[in-house]
Amino acid sequence: MVLPCLDEADALPWVLARIPRGWRALVVDNGSTDGSAEIARGLGATVVPEARRGFGAACHAGLTAATADIVCFCDCDASLDPSLLVPFVRAVREGDADLVLGRRRPQGRGAWPPHARAGNLALARMLRRRTGLRLHDLGPLRAARREPLLGLGLTDRRSGYPLQMVVRAADAGWRVTEHDVPYLPRTGASKVTGTWRGTWQAVRDMRRVLAETPTAPRTRTAPPPCSPPPRG
């Protein structure tokens, strides 16, 4: 379980308490100054330092450090419950999908600010035009096999990383599905969607990803389901 983290000390206890039994939590510390790394270690997580700032940099450092066949990603701000990833992993392990994404369903006021929701909708439409995938969300809750993910050659190290993963998976012929998941008000202020400026900077990063020339043939590259449940 890869958990990119930047100053999430208040949210970490809630998030780590919901990691499924037997799974390994990799908290990727992206330069926190609030003691997040120490809190994560104290709660039993493996801390992976990543000095290069950026959501994609943190996610990729966690992917590289993981050792499990199937790797999951989840934000570390308590907006998403990592235990919801269990059926995602089952779908990948049993061969029903190669990449499973969480479609966020906001729970209560303030869970998903209007500007962030508008930006996500615009990106989903652009993604549909670019790949043909009829997805509704590009949320951070996801699961896939580690080696094929590394084989996608992801290069974005900022906000475009989650989108680049989906685009390149689609270009490679992966089966991409999404499951509805409850989306809670996050703990603390968002580093990306907390402001209009942050949201549209993220959209700009993702527009650049969508403009990339396809890097792989449209053939399925994910391996057949044959491995045990993940532990990392």
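Residues numbered from 1 in each chain as written. Predicted model: local features only at pLDDT ≥ 70, side-chain atom pairs only at ≥ 80, totals over all residues. Heavy atoms only, no water.

Time to look at the overall build of the protein. The helix and strand inventory of the protein stands at eight helices and seven strands. For the protein, the proportion of its 232 residues judged to be buried stands at 53%. Taking as baseline every contact in the protein between residues at least 6 positions apart, the subset at least 24 positions apart corresponds to 77%. Of the accessible surface of the protein, which amounts to about 10300 Å², a share of 53% is contributed by carbon and sulfur atoms. (Helix = DSSP H or I, 4+ residues; strand = E, 2+ residues; numbered from the N terminus. Buried < 20%, exposed > 50% of the residue type's maximum accessible area, 1.4 Å probe, protein only. Contact = heavy atoms within 4.5 Å. Areas by Shrake-Rupley, 256 points an atom, 1.4 Å probe, with all protein chains shown as cover.)

Turning our eyes to something else, we now look at the side chain of Arg 157. Turning to its location among the elements, Arg 157 is positioned in the loop between helix H6 (146-151) and helix H7 (161-171). One buried charged residue, Arg 157, forms no salt bridge at all, with the nearest opposite charge on Asp 156 at 6.7 Å. Within the structure, Arg 157 has its side chain in polar contact with the side chain of His 60 (distance 3.5 Å). Non-local contacts of Arg 157, meaning those with residues more than four positions away in its chain, are made with Arg 52, Arg 53, Gly 54, Phe 55, Gly 56, Ala 57 and His 60. (Lys, Arg positive; Asp, Glu negative; His and termini not counted. Salt bridge = Lys/Arg side-chain N within 4 Å of Asp/Glu carboxyl O. Polar contact = N/O pair within 3.5 Å; in protein donor to acceptor, adjacent residues only side chain to side chain.)

Time to look at the nonpolar core. The biggest cluster of nonpolar side chains holds 37 residues, and the ones touching the most others in it are Leu 99, Leu 163 and Trp 174. For this core, the secondary structure elements donating two or more residues are strand S2 (26-29), helix H3 (55-65), strand S4 (70-73), strand S5 (99-106), helix H5 (114-131), H7 and helix H8 (196-210). Not counting chain neighbours up to four residues away, the residues in contact with Leu 163 comprise Leu 123, Leu 127, Leu 138, Met 206, Val 209 and Leu 210. Counting 34 residues, the second largest nonpolar core, distinct from the first, contains Phe 88, Val 92, Ala 97 and Val 100. (Core = buried A, V, L, I, M, F, W, Y, C linked by side-chain atoms within 4.5 Å.)

Each regular strand shows side chains that alternate between the opposite faces of the sheet. Two elements, S5 and strand S6 (residues 142-145), share three bridges in a ladder whose sense is antiparallel. In the sheet register, Val 100 faces S6, and the bridge partner there is Ala 143. As paired strands, S5 and strand S7 (residues 176-183) are joined by eight bridges and run parallel to one another. The residue bridging Arg 103 from the neighbouring strand is Asp 180, located in S7. (Pairing = 2+ DSSP bridges.)

Another aspect to go through is the confidence of the model for the protein. This prediction gives the protein a mean pLDDT of 88; 87% of its residues lie at or above 70. Residue range residues 216-220 is modelled with pLDDT below 50. Its contacts to residues more than four positions away, or to other chains, number 17 contacts. Counted against residues more than four places away or in other chains, residues 225-230, with its pLDDT under 50, gives 17 contacts. (pLDDT = per-residue confidence, 0-100.)

Computed from the structure, the second largest pocket encloses a volume of approximately 230 Å³. Lining the second largest pocket are 15 residues; nearest its centre among them are Arg 103, Trp 112, Asn 120, Leu 121 and His 136. Mapped onto the lining of the second largest pocket, the elements with two or more residues apiece are S5 and H5. Considering every element that reaches the lining of the second largest pocket, the biggest residue donor is H5, with seven residues. Here the lining of the second largest pocket is composed, by residue class, of six nonpolar, two polar and seven charged. (1 Å grid on protein atoms, 1.4 Å probe; cavity = no way out; pocket = protein on both sides within 12 Å on 5 of 7 lines; lining within 4 Å. Points joined across faces, edges and corners; volume = space filled by probe spheres on them. Nonpolar A, V, L, I, M, F, W, Y, C, P; charged D, E, K, R; others polar.)

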